[in-house]
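# Geometric and topological summary
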Amino acid sequence: MSIEPILTTLNHLEKLHMSLLRLSNDKTALLKSGDVDGIDQLLKEEQAHLAAIVQMDQKRLQEVKQYISAQGRAVPAEPTMTQLIEVANEPDKEQLAEAKDRLLHAIHELKQQNELNQQLTYQSLQFVNLSLDMVRPRPETVNYSKNEVQGQSQSRAKTKLSSFDSQA
């Protein structure tokens, strides 16, 4: 069996991850501008990309299992790229390693961009909460505090004593 279908699938995975990275960069700009409708639309596009990535990864997994099986080796339940590279023929190992490195690089960039977006989202939420705290009036305490209760009972006790003393 040829390694070409696996390389094609890896290239598709890399393209999908790079496309998701572009969406993530767009999300950064939308987060900075505060465009909620744009972010909502972008999240729908991200979900579609993620579904395509999951589907393509399942295809890659099947192709890798078929390749390992064709090589006459035991097929792991979830074969990794490293296991595939170990099993592959010598000329194919270099191509697979390059494809793996490109895909890992795209995933790493995407991870960094998502961390930035997460920080921007968190800061936006902090700003919204701060703004709401400044605008929202503070409710007055409805219950008595411990000092008020003790203070009243002490003053009432003194007034009762003083009125008792004055009548005697």
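The present account deals with the structure reproduced in this document. (Residues numbered from 1 in each chain as written. Predicted model: local features only at pLDDT ≥ 70, side-chain atom pairs only at ≥ 80, totals over all residues. Heavy atoms only, no water.)

## Focus: the overall build of the protein
From N to C terminus, the protein includes 5 helices and 0 strands. Burial analysis of the protein (168 residues in total) assigns 27% to the buried set. Residue pairs at least 24 apart in sequence account for 61% of intrachain contacts in the protein once pairs closer than 6 positions are excluded. Carbon together with sulfur atoms contributes 54% to the accessible area of the protein, which is approximately 12,100 Å² in total. (Helix = DSSP H or I, 4+ residues; strand = E, 2+ residues; numbered from the N terminus. Buried < 20%, exposed > 50% of the residue type's maximum accessible area, 1.4 Å probe, protein only. Contact = heavy atoms within 4.5 Å. Areas by Shrake-Rupley, 256 points an atom, 1.4 Å probe, with all protein chains shown as cover.)

## With respect to the packing of helix 1 (residues 4–33) against helix 2 (residues 36–70)
Packed helices, taken two at a time, are described by the angle their axes make and the gap between the axes. Where helix 1 meets helix 2, the closest approach of the two axes is 9 Å, and the angle between their N-to-C directions is 165°. Classified by the interaxial angle, the pair formed by helix 1 and helix 2 is roughly antiparallel. Crossing hand, helix 1 versus helix 2: left-handed. (Axes fitted to C-alpha atoms, helices over the stretch in contact; angles between N-to-C directions. Parallel < 35°, antiparallel > 145°, perpendicular 65-115°, else oblique. Left-handed = near helix turned anticlockwise from the far one by under 90°.)

## A look at the pattern of salt bridges
For the structure shown, the criterion picks out 4 salt bridges. For Glu14, the salt bridge is made with Arg102, and the minimal N-O distance between the two is 3.0 Å. Taken together, the positions of Glu14 in helix 1 and Arg102 in helix 4 (residues 90–135) put the pair 88 residues apart, joining distant regions of the chain. Accessibility expressed as a relative area gives 18% for Glu14, which makes it buried. Across the salt bridge formed by Lys27 and Glu46, the nearest N and O atoms sit 3.0 Å from each other. Here the residue Lys27 occupies a position in helix 1, and Glu46 occupies one in helix 2, the gap between them amounting to 19 residues. Summarising the burial analysis for this pair, Lys27 and Glu46 share the class buried. (Salt bridge = Lys/Arg side-chain N within 4 Å of Asp/Glu carboxyl O.)

## A closer look at the nonpolar core
Counting residues in hydrophobic clusters, the biggest one holds 28 residues, and the most contacted among them are Ile3, Ile6, Leu10, Leu13, Tyr67, Leu84 and Leu96. Listed by contribution, the elements that provide at least two residues to this core are helix 1, helix 2, helix 3 (81–87) and helix 4. By residue number, the principal contributor to this core is helix 1, which donates 10 residues. Sequence-distant contacts of Leu13, defined by excluding residues within four places in its chain, comprise Ile53, Met56, Asp57, Arg60 and Leu103. (Core = buried A, V, L, I, M, F, W, Y, C linked by side-chain atoms within 4.5 Å.)

## Some points on a nonpolar patch on the surface
On the surface, Phe127, Val128 and Leu132 cluster together to form a nonpolar patch covering roughly 300 Å² of accessible area. Considering the arrangement of structural elements, one finds Val128 in helix 4. (Patch = residues over 30% accessible without salt bridge, like charges linked within 9 Å, V, L, I, M, F, W, Y side chains within 5 Å.)

## Section: the environment of Ala106
With respect to the helices and strands, Ala106 occurs in helix 4. Taking relative accessible area as the criterion, Ala106 reaches 0% and is therefore assigned buried. Remark: the alpha-carbon pair of Ala106 and Met18, spanning 88 residues in sequence, is separated by 6.1 Å. Here Ala106 is in contact with His17 and Met18, once residues within four sequence places are set aside.

## What to know about helix 2
If you check helix 2, its first and last C-alpha atoms are 51 Å apart, about what 35 residues at 1.5 Å a residue would give, namely 51 Å. Directly after helix 2, the chain includes Gly72, whose backbone phi takes a positive value near 80°. (Expected span 1.5 Å × (residues − 1).)

## Some words on the side chain of Ser24
Its location among the elements puts Ser24 in helix 1. Among the residues examined, Ser24 registers a relative accessible area of 0% and is labelled buried. In contact with Ser24, not counting residues within four places along its chain, are Glu46, Leu110, Gln113, Asn114 and Asn117.

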